[in-house]
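Coordinate analysis (summary)
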Amino acid sequence: MQTFINGNIYLGLPNSWAKSVRADENGKITEISSSGKDNLSIPTNDEAVIDLQGKFLFPAFEDAHSHPASRCRTLFELDLRETPNWNEAKMHITDYAKNTQSNEWIIVHGWNQTQWGNLTQNDLEIFSEIPIMIINISYHGA
């Protein structure tokens, strides 16, 4: 068993984080605490306790490959992965562009062609003064 405490632990869903987790000998998370180790059961004497000191832990990815760097970028770039359609996405991008310098790129995460459609250059005309890159939700295209 291992207990990870004092961290920023990503639980796999947008805005889903914990402060402490306990994992069994197979690495499976058995307990989660969003407020800290005090909400976990008392560790056994042979259990390793790892203090993350505020660092990030991404405990599991189910795919054969992962995109942790791309996921981390959603923390400081425009994250529209939960936006249901292009009209709403365009509104968020327009608002975001108001605080963007003309030589600064807008990076948008979350284009899902099944919901937003296949975007064309015409769809992006409103942003002619500011460069924009819209990354596919799969992170395999933009």
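Above this text is the structure in question.
Residues numbered from 1 in each chain as written. Predicted model: local features only at pLDDT ≥ 70, side-chain atom pairs only at ≥ 80, totals over all residues. Heavy atoms only, no water.

As for the nonpolar core
Counting residues in each nonpolar core, the largest one holds 14 residues, and the members touching the most others are Leu 80, Trp 86, Ile 93, Val 108, Trp 116, Ile 132 and Ile 134. Of all elements in the fold, only α2 (86-97), β9 (106-111) and β10 (132-136) reach the threshold of two or more residues within this core. Considering every element that reaches this core, the biggest residue donor is α2, with 4 residues. Listed in part, the 6 residues of the second largest apolar core include Phe 4, Ala 18, Leu 52 and Leu 57. (Core = buried A, V, L, I, M, F, W, Y, C linked by side-chain atoms within 4.5 Å. Buried < 20%, exposed > 50% of the residue type's maximum accessible area, 1.4 Å probe, protein only. Helix = DSSP H or I, 4+ residues; strand = E, 2+ residues; numbered from the N terminus.)

Description of the packing of aromatic side chains
Enumeration over the complete set of coordinates arrives at 5 aromatic pairs. When the centroid spacing of 5.8 Å and the interplanar angle of 75° are considered together, the rings of Trp 17 and Phe 56 count as edge-to-face. Here Trp 17, found in strand β3 (residues 17-18), pairs with Phe 56, found in strand β7 (residues 56-57); they are 39 residues apart in sequence, far enough to count as distant. By relative accessible area, Phe 56 is classed as partly exposed at 48%. Among the aromatic side chains, those forming a connected cluster through ring pairs are Tyr 10, Trp 17, Phe 56 and Phe 58. (Phe/Tyr/Trp six-rings, centres within 6.5 Å; stacked < 30°, edge-to-face > 60°.)

As for the sheet that holds β9
Here we have 3 strands laid out as an open sheet, ordered β8-β9-β10, and parallel in their pairing. Two strands close off the open sheet at either side, each with one partner strand: β8 (78-79) and β10. Two strands pair when backbone bridges link them, and β9 and β10 are joined in this way by 5 bridges, in the parallel orientation. Its bridge partner lying in β10, Trp 111 is registered against Asn 136. (Pairing = 2+ DSSP bridges.)

Comments concerning the environment of Ile 106
Along the chain, Ile 106 turns up in strand β9. Along the sequence, Ile 106 and Phe 4 sit 102 residues apart, while their C-alpha atoms lie 35 Å from each other. If we skip the residues at most four places from it in the chain, Ile 106 touches Tyr 96, Ala 97, Thr 100, Ile 130, Pro 131, Ile 132 and Met 133. (Contact = heavy atoms within 4.5 Å.)

Quick notes on a nonpolar patch on the surface
A grouping of Phe 56, Leu 75 and Phe 76 is seen on the molecular surface, where their side chains present a nonpolar patch of about 350 Å² in accessible area. By the secondary structure assignment, Leu 75 is in the loop between α1 (68-73) and β8. (Patch = residues over 30% accessible without salt bridge, like charges linked within 9 Å, V, L, I, M, F, W, Y side chains within 5 Å. Areas by Shrake-Rupley, 256 points an atom, 1.4 Å probe, with all protein chains shown as cover. Salt bridge = Lys/Arg side-chain N within 4 Å of Asp/Glu carboxyl O.)

Observations regarding the environment of Ile 126
You can see Ile 126 is positioned in the loop between α3 (113-116) and β10. Relative accessible area serves as the criterion here: at 52%, Ile 126 is assigned to the exposed category. Distance in space between the C-alpha atoms of Ile 126 and Ser 34 is 41 Å, their sequence separation being 92 residues. With near-sequence residues (within four places) excluded, Ile 126 lies in contact with Lys 90 and Thr 94.

Some points on the environment of Leu 40
Note that Leu 40 resides in the loop between β5 (29-33) and β6 (48-51). Between the alpha carbons of Leu 40 and Ala 97 there is a distance of 43 Å; along the sequence they are 57 residues apart. With sequence-adjacent residues up to four places away left out, Leu 40 is seen in contact with Thr 3, Ser 20, Val 21, Arg 22, Glu 31, Ile 32 and Ser 33.

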